[in-house]
Protein chains: 2
Amino acid sequence: MRILLLALLGVVFLACATACAEDTAEDVAGQILALERASLERWGNGDPEGYLGTMAEEFTYFDPSLEKRIDGLKAITEFLRPLKGKIHIERFEMVNPSVQVHDDVALLSYNLVEFEKQPDGSEKVTSRWNSTEVYAKIGGEWKLIHSHWSMTKPELKPPDAAEEGN
Amino acid sequence: MRILLLALLGVVFLACATACAEDTAEDVAGQILALERASLERWGNGDPEGYLGTMAEEFTYFDPSLEKRIDGLKAITEFLRPLKGKIHIERFEMVNPSVQVHDDVALLSYNLVEFEKQPDGSEKVTSRWNSTEVYAKIGGEWKLIHSHWSMTKPELKPPDAAEEGN
């Protein structure tokens, strides 16, 4: 009986050690970056289904076009699906990505820079974004639970002259 | 021996059950909202030490004034500490806060609306923010590991007339 128990404990320890080995922060960072890059590539080709396919039911979302947060997979699907075929990003760079891993949560943050070719062959930056993408392991899969997109250092419209004068 | 083992298992289960009971998502949400509100109140009174005191070493930060992310407690301290006494928010509201809890991570998102009293006694909205605040339990304490602040639906400066004409 005692030997059986020890053997069982041994199996449990081995299983745990294997699971832990699979989950180093470095491995997770690699998986998360690959997931995000794949979604971005599809997005840049006018296909929102990459992002939509990684989002969890509980997904929450901020972007600069919105008065308030979008909550839930159904609502974000209704928001993003009509953009199919309307987005085209010629080239992008994920600048300085950071992945902070805590248990089954991986917090990715980076700057996204989008480029467009000019008639003279040079490239022009069309947009710069601050991006926070929070992934959680749900049912063994990394799912996106929150996105926050904002413009990097946006140039704001000056306040109205009338207001300025007061 | 077997009885001792069973008793030990019982103690372990009880300890686990107690720990789990302490960590319901609802309780965590309450703790996180209280932490954030306390930091915001100090911030609105010109005191950045509330936020600084909750931040983890690994803290990362986006806001609209920055060309790129601020990484680490030392860098954010150098950025926020000089603002001491320079911020004054008369009144704020945390609108529609959501706390998504996964293991030892709590992801808070909300809209912050800031108000100022006008000479006629009415209140004017001075700023609207989208806020993502990611907390992780580190050494038994909830610490802020990431903040992303952006303006809600900012009004952008129109592109230059010269560019528009082309």
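Cut-offs applied
- Sequence order as written defines residue numbering, which begins from 1 separately in each chain.
- Note on labels: chains are lettered from A, ligands numbered from 1, in written order.
- With pLDDT at 70 or above as the cut-off, local features in this predicted model cover only qualifying residues; side-chain atom pairs require 80 or more to be listed or tallied, and sums for whole chains, interfaces and linings still use all residues.
- Excluding hydrogens and water, the side-chain figures rest on all heavy atoms present in the structure.
- In this scheme, a residue with accessible area under 20% of its type's maximum is buried, one over 50% is exposed, and one in between is partly exposed, where area comes from a 1.4 Å probe on protein chains only.
- Numbering goes from the N terminus for both helices and strands, where a helix is a DSSP run of H or I of at least four residues and a strand is a run of E of at least two.
- For two strands to pair, DSSP has to find at least two bridges joining them.
- The contact definition used throughout considers only heavy atoms, calling two residues in contact when any of these lie within 4.5 Å.
- A 1.4 Å probe defines the accessible area here, and the buried area is the portion of it lost by two parts on being joined, summed over both.
- Within this document, salt bridges are pairs made up of a side-chain nitrogen of Lys or Arg and a carboxyl oxygen of Asp or Glu, the two lying within 4 Å of each other.
- We define a polar contact as two N or O atoms separated by no more than 3.5 Å, with the added condition that, inside protein, one atom must be a possible hydrogen donor and the other a possible acceptor, whereas residues neighbouring each other in sequence contribute only through side-chain atom pairs.
- Aromatic rings from Phe, Tyr and Trp, taking only the six-membered ring of Trp, are treated as a pair when their centres fall within 6.5 Å; an angle between ring planes under 30 degrees marks them as stacked, one over 60 as edge-to-face, and anything in between as tilted.
- By definition here, charges over rings are those cases where NZ of Lys or CZ of Arg is within 6 Å of the ring centre and within 35 degrees of the ring normal.
- Confidence of the prediction at every residue is given by pLDDT, a number between 0 and 100.
- Note on definitions: angles span 0 to 180 degrees between N-to-C directions of axes, and those axes are lines fitted to C-alpha atoms, for helices only across the stretch in contact.

1. Focus: the pairing of strand E1 (residues 55–62) of chain A
Residue and element names in this part refer to chain A.
Here is step 1 of the chain: Most of E1 is tucked away: 6 of the 8 residues are buried.
Here is step 2 of the chain: Pairing of E1 with strand E6 (residues 141–151), which is carried by 4 bridges, proceeds in the parallel orientation. Its bridge partner being in E6, Tyr 61 is matched across the sheet by Ser 147.
Here is step 3 of the chain: By the bridge criterion, 2 bridges tie E1 to strand E2 (residues 70–71) in an arrangement that is antiparallel. The residue bridging Tyr 61 from the neighbouring strand is Ile 70, located in E2.

2. Focus: the environment of A:Glu114
Residues and elements named next belong to chain A.
Here is step 1 of the chain: When you line up the elements, Glu 114 lands in strand E4 (residues 105–117).
Here is step 2 of the chain: When the C-alpha positions of Glu 114 and Ile 89 are compared, they lie 6.6 Å apart, and in sequence the two are 25 residues distant.
Here is step 3 of the chain: Beyond its immediate chain neighbours, meaning those up to four positions away, Glu 114 contacts Ile 89, Arg 91, Phe 92, Lys 124, Val 125, Thr 126, Ser 127 and Trp 129.

3. Details of the interface of chain A and chain B
Here is step 1 of the chain: Across the contact, 45 residues belong to chain A and 45 residues belong to chain B.
Here is step 2 of the chain: Between chain A and chain B, a total of about 3600 Å² is buried, with carbon and sulfur atoms accounting for 54% of that surface.
Here is step 3 of the chain: Summed over the three residues of chain A that lose the most area to chain B, namely A:Arg69, A:His102 and A:Lys153, the buried surface amounts to 15% of that side.
Here is step 4 of the chain: Where chain A meets chain B, there are 4 salt bridges.
Here is step 5 of the chain: Note that B:Glu67 is salt-bridged to A:Lys153, the shortest N-O span being 3.9 Å.

4. A closer look at the pairing of strand E5 (residues 123–138) of chain A
All names here are of chain A.
Here is step 1 of the chain: Alignment of E4 against E5, held across 13 bridges, turns out to be antiparallel. Counted as the bridge partner of Asn 111 is Asn 130 from E5.
Here is step 2 of the chain: Connecting the antiparallel pair E4 and E5 is a turn made up of 5 residues, with Gly 121 showing a positive phi of about 95 degrees.
Here is step 3 of the chain: Two strands pair when backbone bridges link them, and E5 and E6 are joined in this way by 10 bridges, in the antiparallel orientation.

5. Some thoughts on the side chain of A:Arg69
Here is step 1 of the chain: Considering the arrangement of structural elements, one finds A:Arg69 in the loop between E1 and E2.
Here is step 2 of the chain: There is a polar contact of 2.9 Å between the side chain of A:Arg69 and the backbone oxygen of B:Asn96.
Here is step 3 of the chain: One polar contact links the side chain of A:Arg69 to the main-chain carbonyl oxygen of B:Ser109, over a distance of 2.8 Å.
Here is step 4 of the chain: Apart from residues lying up to four places away in sequence, A:Arg69 is in contact with A:Thr60, A:Tyr61, A:Phe62, B:Asn96, B:Pro97, B:Ser98, B:Ser109, B:Tyr110 and B:Asn111.

6. Details of the packing of aromatic side chains
Here is step 1 of the chain: According to the stated counting rule, one finds 10 aromatic pairs over all chains in the structure shown.
Here is step 2 of the chain: Between B:Phe59 and B:Tyr61 the ring centres are 6.1 Å apart and the planes differ by 40 degrees, which places this aromatic pair in the tilted class. For the pair formed by B:Phe59 and B:Tyr61, the shared burial category is buried.
Here is step 3 of the chain: Measuring from centroid to centroid gives 5.9 Å for B:Tyr61 and B:Phe79, while their planes differ by 55 degrees, and the two rings are tilted. Remark: B:Phe79 occurs in helix H4 (residues 73–80) and B:Tyr61 occurs in strand E1 (residues 55–62); sequence separation between them is 18 residues.
Here is step 4 of the chain: A residue is classified by how much of its surface remains accessible, and B:Tyr61, at 9% relative accessible area, is buried.
Here is step 5 of the chain: Taken together, A:Phe59, A:Tyr61 and A:Phe79 form an aromatic cluster joined through their ring pairs.
Here is step 6 of the chain: Geometry around A:Phe115 places A:Arg91 over its ring, the cationic atom sitting 4.3 Å from the centre.

7. Here's the deal with the confidence of the model for chain A
Here is step 1 of the chain: Scored by pLDDT, chain A has a mean of 89; 83% of the residues are at 70 or more.
Here is step 2 of the chain: The ipTM value of the predicted complex is 0.85, and its pTM value is 0.85.

8. A look at the sheet that holds strand E3 (residues 91–102) of chain B
Residues and elements named next belong to chain B.
Here is step 1 of the chain: With mixed pairing, 6 strands are arranged side by side in an open sheet as E2-E1-E6-E5-E4-E3. The sheet is open, and its two borders are formed by strand E2 (70–71) and E3, each paired with just one other strand.
Here is step 2 of the chain: Summarising the sheet, E3 and strand E4 (residues 105–117) pair through 10 bridges and their orientation is antiparallel. Looking across to E4, one finds that Val 95 is bridged to Asn 111.
Here is step 3 of the chain: Here helix H2 (residues 25–44) sits on the sheet and contacts E3, E4, strand E5 (123–138) and strand E6 (141–151); the angle it forms with E3, its principal contact strand, is near 145 degrees.
Here is step 4 of the chain: Strand contacts of H4: E1 and E2, with the helix running at about 60 degrees to E1, the strand carrying the most contacts.

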